[in-house]
Number of protein chains: 2
Amino acid sequence: MAVGVFDSGLGGLTVLDAITRRLPDVSFVYLGDSANAPYGVRDAEDVYELTCAAVERLFAAGCDLVILACNTASAAALRRIQENGLPEGKRVLGVFVPLIEALTERRWGDNSPPREVRVKHVALFATPATVSSRAFQRELAFRAIGVDVEAQACGGVVDAIEEGDLILAEALVRSHVDALKRKMPHPEAAILGCTHYPLMEAVFEDALGPEVELFSQADLVAASLADYLERHPGIAGGGTSAFLTTGDPIRVGRSATRFLRRQIAFDAA
Amino acid sequence: MAVGVFDSGLGGLTVLDAITRRLPDVSFVYLGDSANAPYGVRDAEDVYELTCAAVERLFAAGCDLVILACNTASAAALRRIQENGLPEGKRVLGVFVPLIEALTERRWGDNSPPREVRVKHVALFATPATVSSRAFQRELAFRAIGVDVEAQACGGVVDAIEEGDLILAEALVRSHVDALKRKMPHPEAAILGCTHYPLMEAVFEDALGPEVELFSQADLVAASLADYLERHPGIAGGGTSAFLTTGDPIRVGRSATRFLRRQIAFDAA
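All of these numbers come straight from a predicted model, not from anything done at the bench.

Calculation criteria
- Residues numbered from 1 in each chain as written.
- Chains lettered and ligands numbered in written order.
- Predicted model: local features only at pLDDT ≥ 70, side-chain atom pairs only at ≥ 80, totals over all residues.
- Heavy atoms only, no water.
- Contact = heavy atoms within 4.5 Å.
- Buried area = accessible area lost by both parts, 1.4 Å probe.
- Salt bridge = Lys/Arg side-chain N within 4 Å of Asp/Glu carboxyl O.
- Polar contact = N/O pair within 3.5 Å; in protein donor to acceptor, adjacent residues only side chain to side chain.
- Helix = DSSP H or I, 4+ residues; strand = E, 2+ residues; numbered from the N terminus.
- Nonpolar A, V, L, I, M, F, W, Y, C, P; charged D, E, K, R; others polar.
- Buried < 20%, exposed > 50% of the residue type's maximum accessible area, 1.4 Å probe, protein only.
- Pairing = 2+ DSSP bridges.
- Right-handed = clockwise from strand over helix to strand, strands pointing away.
- Phe/Tyr/Trp six-rings, centres within 6.5 Å; stacked < 30°, edge-to-face > 60°.
- Lys NZ or Arg CZ within 6 Å of the ring centre and 35° of its normal.
- Axes fitted to C-alpha atoms, helices over the stretch in contact; angles between N-to-C directions.
- Parallel < 35°, antiparallel > 145°, perpendicular 65-115°, else oblique.
- Left-handed = near helix turned anticlockwise from the far one by under 90°.
- Domains from an automatic or database assignment.
- Least-squares fit on C-alpha atoms with pLDDT ≥ 70 in both.
- 1 Å grid on protein atoms, 1.4 Å probe; cavity = no way out; pocket = protein on both sides within 12 Å on 5 of 7 lines; lining within 4 Å.
- Points joined across faces, edges and corners; volume = space filled by probe spheres on them.
- UniProt positions renumbered as here; feature names shortened; annotations may be inferred.

**Some points on the interface of chain A and chain B**
- With 17 residues of chain A in contact, the opposing surface of chain B contributes 17 residues.
- Summed over both sides, the interface of chain A with chain B buries roughly 1300 Å², with 61% coming from carbon and sulfur.
- Looking only at chain A, the three residues that lose the most surface to chain B are Leu168(A), Ser175(A) and Arg182(A), adding up to 30% of its buried area.
- The tally of links from chain A across to chain B stands at two salt bridges.
- Note that Asp165(B) is salt-bridged to Arg182(A), the shortest N-O span being 3.2 Å.
- For the pair chain A and chain B, the interface holds two residue pairs in polar contact (both at pLDDT 80 or more).
- Considering every element that reaches the side of chain A that touches chain B, the biggest residue donor is helix H8 (residues 166–183) of chain A, with eight residues.
- Tallied by class, the residues present in the side of chain A that touches chain B amount to eight nonpolar, five polar and four charged.

**Examining the pairing of strand S1 (residues 2–7) of chain A**
All names here are of chain A.
- Within S1, six of the six residues are buried, which leaves the element mostly enclosed by the surrounding structure.
- Burial along S1 is two-sided: Ala2, Gly4 and Phe6 facing one way and Val3, Val5 and Asp7 facing the other are all buried.
- Taken together, the five bridges between S1 and strand S3 (residues 63–68) define a ladder with parallel strand orientation. Its bridge partner lying in S3, Ala2 is registered against Cys63.
- Two strands pair when backbone bridges link them, and S1 and strand S2 (residues 28–32) are joined in this way by five bridges, in the parallel orientation. Residue pairing across strands places Val3 opposite Phe28, the latter belonging to S2.
- A crossover links S1 with its parallel partner S2, the connecting element being helix H1 (residues 13–22), and its sense is right-handed.

**As for the packing of aromatic side chains**
- Scanning all chains against the criterion turns up 14 aromatic pairs over all chains.
- Centroid distance Phe28(A) to Phe243(A): 5.5 Å. Interplanar angle 70°. Geometry classified as edge-to-face. One end of the pair, Phe28(A), is in strand S2; the other, Phe243(A), is in strand S11 (residues 242–245), and 215 residues separate them in sequence.
- In this structure Phe243(A) comes out as buried when scored by relative accessible area, which is 16%.
- Judged by centre distance (5.5 Å) and plane angle (35°), the rings of Tyr197(B) and Phe204(B) are tilted. One exposure class covers both Tyr197(B) and Phe204(B), and it is buried.
- Here the aromatic residues Phe28(A), Tyr30(A), Phe243(A) and Phe266(A) are joined through ring pairs into a cluster of three or more.
- Here the basic side chain of Arg80(A) rests over the ring of Tyr48(A), its NZ or CZ set 3.6 Å away from the ring centre.

**Some points on the packing of H8(A) against helix H9 (residues 201–208) of chain A**
Residue and element names in this part refer to chain A.
- Where H8 contacts H9, the axes come no closer than 9 Å and their chain directions differ by 40°. It follows that H8 is oblique to H9 by the angle criterion. Crossing angle aside, the handedness with which H8 passes H9 is right-handed. Across the interface between the two elements, Glu170, Val173, Arg174, Val177 and Lys181 of H8 pack against Val203, Phe204, Asp206, Ala207 and Leu208 of H9.
- Taken together, the residues of the contact of H8 with H9 break down into six nonpolar, no polar and four charged.

**Describing the packing of helix H4 (residues 97–104) of chain A against helix H6 (residues 135–143) of chain A**
Residues and elements named next belong to chain A.
- As a packed pair, H4 and H6 sit with axes 11 Å apart at the nearest point and diverge in direction by 50°. Put simply, H4 runs oblique to H6. The interaxial crossing formed by H4 with H6 has right-handed handedness. For the pair H4 and H6, the contacting residues are Val97, Leu99, Ile100, Leu103 and Thr104 in the first and Phe136, Glu139, Leu140 and Arg143 in the second.
- For the contact of H4 with H6, the class distribution of residues is six nonpolar, one polar and two charged.

**Regarding the domain arrangement of chain A**
Residue and element names in this part refer to chain A.
- Per the domain assignment, the segments making up chain A are domain 1 (2–94 + 219–268) and domain 2 (99–216).
- The distance between the C-alpha centroids of domain 1 and domain 2 comes to 21 Å.
- Facing 24 residues of domain 1, the contacting portion of domain 2 comprises 26 residues.
- Between domain 1 and domain 2, the buried area comes to about 2000 Å², and carbon and sulfur atoms account for 56% of it.
- Contact with domain 2 buries surface across domain 1, with Asn71, Arg79 and Leu220 losing the most and accounting together for 29% of the total.

**Description of the relation of the copies chain A and chain B**
- Placing chain A over chain B gives an RMSD of 0.0 Å and needs a rotation angle of 180°, together with 0.0 Å of translation along the axis. These values place the two chain copies in the arrangement generated by a two-fold rotation axis. It is Gly156(A) whose C-alpha, among those of chain A, lies nearest the rotation axis, at 2.3 Å.
- Both copies present the same face, since 100% of the interface residues in chain A are matched by interface residues at the equivalent positions in chain B.

**Section: empty space enclosed by the protein**
All names here are of chain B.
- Tallied over the entire structure, the rule returns one cavity of 30 Å³ or more.
- The calculated volume of the largest cavity comes to roughly 40 Å³.
- If you trace the largest cavity, you find it lined by Ser74, Leu78, Arg79, Phe96, Glu139 and Arg143.
- Breaking the lining of the largest cavity down by element, the ones donating at least two residues are helix H3 (71–84) and helix H6 (135–143).
- A per-class count over the lining of the largest cavity returns two nonpolar, one polar and three charged.

**Points about the environment of Met200(B)**
Residues and elements named next belong to chain B.
- As for its position among the elements, Met200 is in the loop between strand S9 (189–192) and helix H9 (201–208).
- Met200 sits 118 residues away from Gln82 along the chain, and the two C-alpha atoms are 32 Å apart.
- For Met200, the contacting residues outside a window of four places in its chain are Ile161, Leu166, Ala169, Glu170 and Val173.

**Quick word on the UniProt feature "active site" (unreviewed entry) in chain A**
Residues and elements named next belong to chain A.
- Under the present numbering, the feature "active site" (unreviewed entry) in UniProt falls on Cys70 and Cys194. Spanning 125 residues, the named residues form one tight spatial group whose C-alpha atoms are at most 8.0 Å apart.
- The contact partners of Cys70, leaving out residues within four places of it in the chain, are Phe6, Asp7, Ser8, Tyr39 and Val95.
- Relative to the helices and strands, Cys194 resides in the loop between strand S9 (189–192) and H9.
- With a relative accessible area of 6%, Cys194 lands in the buried category.
- Those residues in contact with Cys194, other than ones at most four positions away along the chain, are Asn71, Phe125, Thr127, Val158 and Gln217.

Structure, rendered in structure tokens:
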């Protein structure tokens, strides 16, 4: 049995990396839907259907638990997939909930009612598509009470990372942090709401200053998964790990190797 | 009779502004396809069909000459529209050609063969979608010889301008100019290859330094149009100007007013 990790492209590899650092014995199947990426430009119905197909594919590959490591997929599909009912013994978890848990100290898979948040002024850094979808803001309103979120659409950062220009990516991150601080001078916490941003975490940390608590999706998902697996033993482990893509495995493998700065080989999904 | 100016959204208003500054007596019909914007995320066939429909709409509105003030539409549709043949007396001109003319000193509507360029090292600043489409590079290879273009995908600048955060837009422009200079330390010329960038022209100019000749699409299109109208009298003038949108006229008018910082009212197309 393995944990399935789904993303529209390669960004979810930062989530997978955080998971394997925290849980080195867990086997996983990573599925990147590169043939249909990016999801940010698709409509919600389209993203829902692509996400359902990917989840089915990961269930078929032997995963009882699938993590949607993609903000767009989580926002458009997670709640609907859970409400429609899943096959016996199967679970799908999203990338938003661990963040909300971190703000509210609620646990993944725990269906208790919304709670007071422990931080009030929260900066959200995400892509223009995620910010304009208002998905984080909606999920927070649904799952937490009393949090004041100021969102900064960090245009250009993902492009700079994907082009491998980390000097530019750093300059852009610092400009976006400055722009956020003009709107919210003293955030207590900051959310890195894009799976690419863990690669720039040190820059966000430095630009925000030590008084701001930084929440990175990748680490939070890994921590939540560790907690979840402890409460639900027998879900993962003992299988073989694999990287699957709906795109061209050779091209995607080359991009992934450049993205994470270590060798990764993909197979066709 | 009027000159038609077409863009997928509001960016083409900077082109129209440059035209009306240069040619205050020319009447025009501006058509923004806000209902289908942005074009950058659509495939080429889709953009071709939307552009043809817009051109038809502007011909029907009494325009004998239509300017495609949209890089995506120009790249995907202009050559094909011209090759398919146009109704007697109608002309469609794109936003690329005046730039290539400026680099080669050839004139709009002049079908002479490609010439040697007079500047060799050219920096191109455009959106990530335009850069990755390689449309400028293809047009340059088709129409000019011996130019070395280094493209910088200026992620985030359009978003910052549209959000009205010009402090952020300035910081991002400076970072992108720095990134370009790491790849091409001494460009002789720079192209602002996005209709939003005229709003940041002073920042580009300052960041690039006085030794770099700056080509702005808006000004070049206006200059080419002035030259063209002198050679083809009777095409424009005497009509009533209008702003049309395929979107909601009230919302689009509000955005346009914020975008150009002066009052603009749109009608339904």
